[in-house]
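# A look at the structure
So the chains spell out like this:
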Amino acid sequence: MKALIKTLLSRPEIAAVVVAIVLAAGLGLEAERFMTVGNWRVILAIVPELGLIALGATILMISGEFDLSAGAMFIVGPYVGALAWKAGVPLPLAMVSGFAVAAAIGLFNGTVTVVFRIPSFIVTLGMMFVIRFGSRFVTGNTPVRFNPSGGFNEALAGQATAGLPRWLDFVPAQFVWFLVIAALAYLLLNRHRLGNHFFAVGGSAATAAATGINVARTKVIAFMLCPMLATFAGTLSVARLERATNSPQLFLELEAVAICVMGGLSLYGGRGALIG
């Protein structure tokens, strides 16, 4: 039994879960309000937003790259969609426009990185400044009220367990969306050929290329997924607040990288588990 516990705790992703449980238990004993339904409703509404950015960072870091512009896309992607909706574009197309911008930026970051062999840290750091200051220069700093009809905001940020007993009525829709996306990401990384390619190119790009893997295409796909997941995280935030703004939220991308590292991902790529 001791050997099993030692083996489990030696895995960083399991150790991170254990530490999180211990911290939650300690805070619950120290602060009475921490374990209340209302507090957990707030926690479960906010955590998925950073968690989705971390999912994108996980896929990219496994591929051996970084994206420091993901935090900027958390703001700008949904802001583009909200502006399009306010201009009269149908809601589905308006939302697609935000994701299209995110995919285009990911495509640019990935292409510059793999074609010109510039470190992704430098490429995406520059893109972060371009997105943040370029968007504010073009649009100003005017917030956009986002309250479309048809229950869109409720579907993304309402109560997922409404109508259940009070002790269960604390799970927001954001957390359900996060679990769904996390499950899909797990299947991609562990049950799909593309996931194997992510691990292979992150472990050794030369070896992956020798086995027939298209290293450039694989990395570009990872670069595109990262800002798109950040945009979806930002969309959940906009739906929760019913307001979109392009004011930067600093250090989101660094927090996402920190989450990945504490969860057991290697900074050098090729190793890690989504559960961390």
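The structure this text deals with has already been given above.
Heads up: these notes are all about the structure in this document. (Residues numbered from 1 in each chain as written. Predicted model: local features only at pLDDT ≥ 70, side-chain atom pairs only at ≥ 80, totals over all residues. Heavy atoms only, no water.)

## Quick notes on the environment of Gly88
Topologically, Gly88 is positioned in the loop between helix H4 (70-86) and helix H5 (91-116). Considering only alpha carbons, one finds Gly88 and Phe251, 163 residues apart in sequence, at a separation of 33 Å. (Helix = DSSP H or I, 4+ residues; strand = E, 2+ residues; numbered from the N terminus.)

## Some thoughts on the packing of H4 against helix H11 (residues 215-241)
Running from N to C, H4 and H11 point in directions that differ by 55 degrees, and their axes come no closer than 7 Å. Of the possible angle classes, the one that applies to H4 and H11 is oblique. Seen along the crossing, H4 lies across H11 with a hand that is right-handed. Together, Ala70, Met73, Phe74, Gly77 and Pro78 of H4 and Cys226, Pro227, Ala230, Thr231, Ala233, Gly234, Thr235, Ser237 and Val238 of H11 make up the contact between the two elements. When its residues are assigned to classes, the contact of H4 with H11 shows 9 nonpolar, 5 polar and no charged. (Axes fitted to C-alpha atoms, helices over the stretch in contact; angles between N-to-C directions. Parallel < 35°, antiparallel > 145°, perpendicular 65-115°, else oblique. Left-handed = near helix turned anticlockwise from the far one by under 90°. Contact = heavy atoms within 4.5 Å. Nonpolar A, V, L, I, M, F, W, Y, C, P; charged D, E, K, R; others polar.)

## Quick look at unusual backbone geometry
Not every positive phi belongs to a glycine, and Arg117 is a case in point at roughly 55 degrees. For Arg117, a relative accessible area of 73% gives the class exposed. The phi angle at Glu242 is positive, at roughly 55 degrees, despite the residue not being glycine. Among the structural elements, Glu242 can be located in the loop between H11 and strand S2 (243-244). (Buried < 20%, exposed > 50% of the residue type's maximum accessible area, 1.4 Å probe, protein only.)

## Side note on the packing of aromatic side chains
Centre-to-centre distance and the angle between the planes together describe a pair of aromatic rings. Scanning all chains against the criterion turns up 5 aromatic pairs. Taken together, a centroid distance of 5.3 Å and an interplanar angle of 70 degrees make the contact between Trp85 and Phe146 edge-to-face. One end of the pair, Trp85, is in helix H4; the other, Phe146, is in the loop between strand S1 (144-145) and helix H7 (152-157), with 61 residues separating them in the sequence. A relative accessible area of 1% means that Phe146 is categorised as buried. On the basis of an interplanar angle of 10 degrees and a centroid distance of 6.1 Å, the ring pair of Phe129 and Phe133 is categorised as stacked. Residue Phe129 and its partner Phe133 are both found in helix H6 (residues 120-139); the two are separated by 4 residues, about one turn of the helix. One aromatic cluster is present, formed by Trp85, Phe146 and Phe152 through successive ring pairs. (Phe/Tyr/Trp six-rings, centres within 6.5 Å; stacked < 30°, edge-to-face > 60°.)

## Some thoughts on the nonpolar core
Counting residues in each nonpolar core, the largest one holds 45 residues, and the members touching the most others are Leu52, Ile53, Leu55, Ile59, Ile131 and Phe198. Setting aside its immediate chain neighbours within four residues, Leu52 contacts Phe178, Ile181, Leu229, Phe232, Ala233 and Leu236. By size, the runner-up hydrophobic cluster in this structure holds 10 residues, among which are Ala82, Leu91, Phe146 and Val238. (Core = buried A, V, L, I, M, F, W, Y, C linked by side-chain atoms within 4.5 Å.)

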